Amino acid sequence: MAFAALLLAMPAAEAQKVNESAFRSKIEKSDADIADVKKNSKASTWINRGKVFFETAAAPTKDLFINMDASMLKLNSAVGDPISVEPAEVLDQPCEAWVYPYFTAYVADGKVLTWKQTKWIDADAPAKAVAAYNKAYELDPKQGEKVKAGLKQVSDFCSLVGNAGLNLGAYADAADAYVMAFETQSSPAYGTPDPILLYYAGYLRTVDGPEHPASFALGAEYLGKALDLGYTDEEGAIYYYLFHSFYGQKNENPEAVLRAKEALLTGIEKFPKNERILEGLMQLYTSEQGVGDPSDLIALIDNAIAENPENVDLWFGRGRTFYALKNYDESIASFEKIIELQPELFDGYYYLGVFYTIKGDAMNQELNSRQYSSQSAYDADLKEVNVVYLAAVPYFEKAHELKPGDADTLEFLKQLCFRLRDEEGIMDKYNVYNALYKQAKGLE
């Protein structure tokens, strides 16, 4: 408590302090050292140069990290009070912009959300540091460990810049920072670079594409390189982003549409459960002439199932594709196979209930569009609709048994049972599921 009181009593530092002249003097000395023939031939000269440029790059923001207490900025003698505080927004979140000589920090609820460096001592300092370390390794490979340690510092710094840009919504800048981190790791002394950095860069350039179309080509380049290096994420999202990076280039390059298709077909073969890839294929096949027939997707998946009939993901993809084609009977058949293969899989029962419900909705819509000459004819058709709705109930009940707290399942059960309340025993079910739904949603 006494220490906390002391901190509160301390006057805030007056302003951000970066000894720019000292860094420039170190750079000048390093320039003189490499101009000296004898010193130029020593690995230590270049290692020292790498350190100088890394420290020059990192100095203005070295005291920043995401989610830090903003009060610590004012208490830090090297940062101090901002020049000004202005209202701002970061990705639609209201916040304050704390303006300093070398960066602007964005603060909300007393925490630093992110920042943007607005002034560099030397904007090329990271690249110059990498070049210096590479020269040191070239002169003396025995210095590999020291060189690698320096390169890791540069790579980590660039990744941090990328993270800050991502949180700020500065997607192109963030992508460039991740690419620099990857290029740093590609140095001979470092070892194997992490392709996830290229994935981040490619994803961000693709997201930036609608605002700056030139980013689409860069996105495709980075994502393609990541795949070539063996990278993929658990859900196969890289193929979905690769599709968009190619598809975004279609106005400038018509062949890009076919490359977009190839990305999706490769993705769906490897990740048949990925709904976004399926939706991308449906979008492509239904909006672009000559690309292909949506039924081709079924043939693709059925061929894969023929080779691996117990692959639940393939059956899942088949069911979702038929759903997109509005063939609900085949969607239902696919998911019946899923619960046969995995009798305790929540998703299998849940989606069977959903597809029966959607089929009933489609039948009901058609029913209401007809003109009936007799009440008995209408009642007969309505009975057929209700039979389909009734078929959904036991599947949702099994899904509820597997995951009792799932509010979506309970909402379906509540709505179905209310609709079917005149059927024997269904009103009692409605009362039960309505009460459980309210409980799950915190309404009681």
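Residues numbered from 1 in each chain as written. Predicted model: local features only at pLDDT ≥ 70, side-chain atom pairs only at ≥ 80, totals over all residues. Heavy atoms only, no water.

Caption draft 1: Representation of the pairing of strand β4 (residues 111-117) in the model. The sheet contact formed by strand β3 (residues 103-108) and β4 spans six bridges and is antiparallel. Each bridged residue has a counterpart across the sheet, and for Phe 103 the counterpart in β4 is Gln 117. Where β3 folds back onto β4 in an antiparallel hairpin, the turn is made up of two residues, including Asp 109, whose phi is positive at roughly 55°. (Pairing = 2+ DSSP bridges. Helix = DSSP H or I, 4+ residues; strand = E, 2+ residues; numbered from the N terminus.)

Caption draft 2: Molecular detail of the confidence of the model for the chain. Considering every residue of the chain, the mean pLDDT works out to 91; 96% of them sit at 70 or more. Counting contacts from residues 1-13, a segment whose pLDDT is below 50, to residues more than four positions away or on other chains yields eight contacts. (pLDDT = per-residue confidence, 0-100. Contact = heavy atoms within 4.5 Å.)

Caption draft 3: Structural context of the layout of surface pockets. Considered as a void within the structure, the largest pocket measures approximately 470 Å³ in volume. Mapped onto the lining of the largest pocket, the elements with two or more residues apiece are β4, α6 (125-139), α7 (144-168) and α8 (171-185). Examining the composition of the lining of the largest pocket, we find that six residues originate from one element, α7, more than from any other. In the lining of the largest pocket, the residues fall into 14 nonpolar, three polar and four charged. (1 Å grid on protein atoms, 1.4 Å probe; cavity = no way out; pocket = protein on both sides within 12 Å on 5 of 7 lines; lining within 4 Å. Points joined across faces, edges and corners; volume = space filled by probe spheres on them. Nonpolar A, V, L, I, M, F, W, Y, C, P; charged D, E, K, R; others polar.)

Caption draft 4: Spotlight on the pattern of salt bridges. Throughout the structure, instances matching the rule amount to 23 salt bridges. Across the pair Glu 288 and Lys 250 runs a salt bridge, and its minimum N-O distance is 2.8 Å. Residue Glu 288 is found in the loop between α13 (275-287) and α14 (295-307), and its partner Lys 250 is found in the loop between α11 (237-247) and α12 (255-270); the two are separated by 38 residues along the sequence. Classification of Glu 288 as buried rests on a relative accessible area of 18%. For Lys 250, a relative accessible area of 30% corresponds to the partly exposed category. The salt bridge involving Arg 370 is made with Glu 366; its shortest N-O contact spans 3.0 Å. (Salt bridge = Lys/Arg side-chain N within 4 Å of Asp/Glu carboxyl O. Buried < 20%, exposed > 50% of the residue type's maximum accessible area, 1.4 Å probe, protein only.)

Caption draft 5: Spatial organisation of the packing of helix α15 (residues 312-324) against helix α16 (residues 328-341). Interaxial distance between α15 and α16 falls to 7 Å at its minimum, and their mutual angle equals 165°. With respect to α16, the element α15 is oriented roughly antiparallel. Every pair of crossing elements has a handedness; the one defined by α15 and α16 is left-handed. Contact residues: Val 312, Trp 315, Phe 316, Arg 318, Gly 319, Arg 320, Phe 322 and Tyr 323 in α15; Tyr 328, Glu 330, Ser 331, Ser 334, Phe 335, Lys 337, Ile 338 and Leu 341 in α16. Here the contact of α15 with α16 is composed, by residue class, of nine nonpolar, three polar and four charged. (Axes fitted to C-alpha atoms, helices over the stretch in contact; angles between N-to-C directions. Parallel < 35°, antiparallel > 145°, perpendicular 65-115°, else oblique. Left-handed = near helix turned anticlockwise from the far one by under 90°.)

Caption draft 6: Broad picture of the sheet that holds β3. Strands sit in the order β1-β2-β3-β4 across an open sheet of four strands; the sheet is antiparallel. Looking at strand neighbours, the two that pair on one side only are β1 (84-90) and β4, the edges of this open sheet. Averaged over all neighbouring strand pairs, the angle between strand axes comes to 30°, with direction disregarded. Bridging between strand β2 (residues 93-99) and β3 involves four bridges; their strand directions are antiparallel. Directly across from Val 99, in β3, lies its bridge partner Thr 104. Seen against the sheet, α7 touches β1, β3 and β4 and runs at an angle of roughly 110° to β4.

Caption draft 7: Highlighting the packing of α6 against α7. Viewed as axis vectors pointing N to C, α6 and α7 meet at an angle of 165°, and their least axial separation amounts to 9 Å. Taken together, the axis directions place α6 and α7 in an arrangement best described as roughly antiparallel. α6 and α7 meet at a crossing whose hand is left-handed. Two secondary-structure elements touch here, α6 through Pro 126, Ala 129, Val 130, Tyr 133, Asn 134, Ala 136 and Tyr 137 and α7 through Gly 144, Val 147, Gly 150, Leu 151, Val 154, Phe 157 and Cys 158.

Caption draft 8: Representation of α12. A rise of 1.5 Å per residue sets the reference length of α12, with its 16 residues, at 22 Å; its end C-alpha atoms lie 23 Å apart and thus fit the reference within 8%. Along α12, the residues classified as buried are Ala 256, Val 257, Ala 260, Lys 261, Ala 263, Leu 264, Gly 267 and Ile 268. All buried residues of α12 project into a common sector of 160° when viewed along the axis, lining one side. Of the residues in α12, the exposed ones pointing more than 90 degrees away from the buried face are Glu 255, Glu 269 and Lys 270. (Expected span 1.5 Å × (residues − 1). Arc of directions from axis to C-beta.)

Caption draft 9: View of unusual backbone geometry. Phi at Asn 67 is positive, roughly 75°, even though this residue is not glycine. Despite not being glycine, Lys 326 shows a phi value in the positive range, around 65°. Relative to the assigned elements, Lys 326 resides in the loop between α15 and α16.

Caption draft 10: Local environment of the side chain of Glu 20. With respect to the helices and strands, the residue Glu 20 is situated in helix α2 (residues 20-35). Overall, the relative accessible area of 18% leaves Glu 20 in the buried class. Excluding residues within four positions of it along the chain, Glu 20 makes contact with Tyr 102, Lys 119 and Ile 121.

Caption draft 11: Structural detail: the pairing of β3. Taken across its six residues, β3 has six buried, putting it largely inside the fold. Burial along β3 is two-sided: Phe 103, Ala 105 and Val 107 and Thr 104, Tyr 106 and Ala 108, pointing in opposite directions, are all buried. Counted along the chain from β2 to the antiparallel partner β3, the turn is three residues long.

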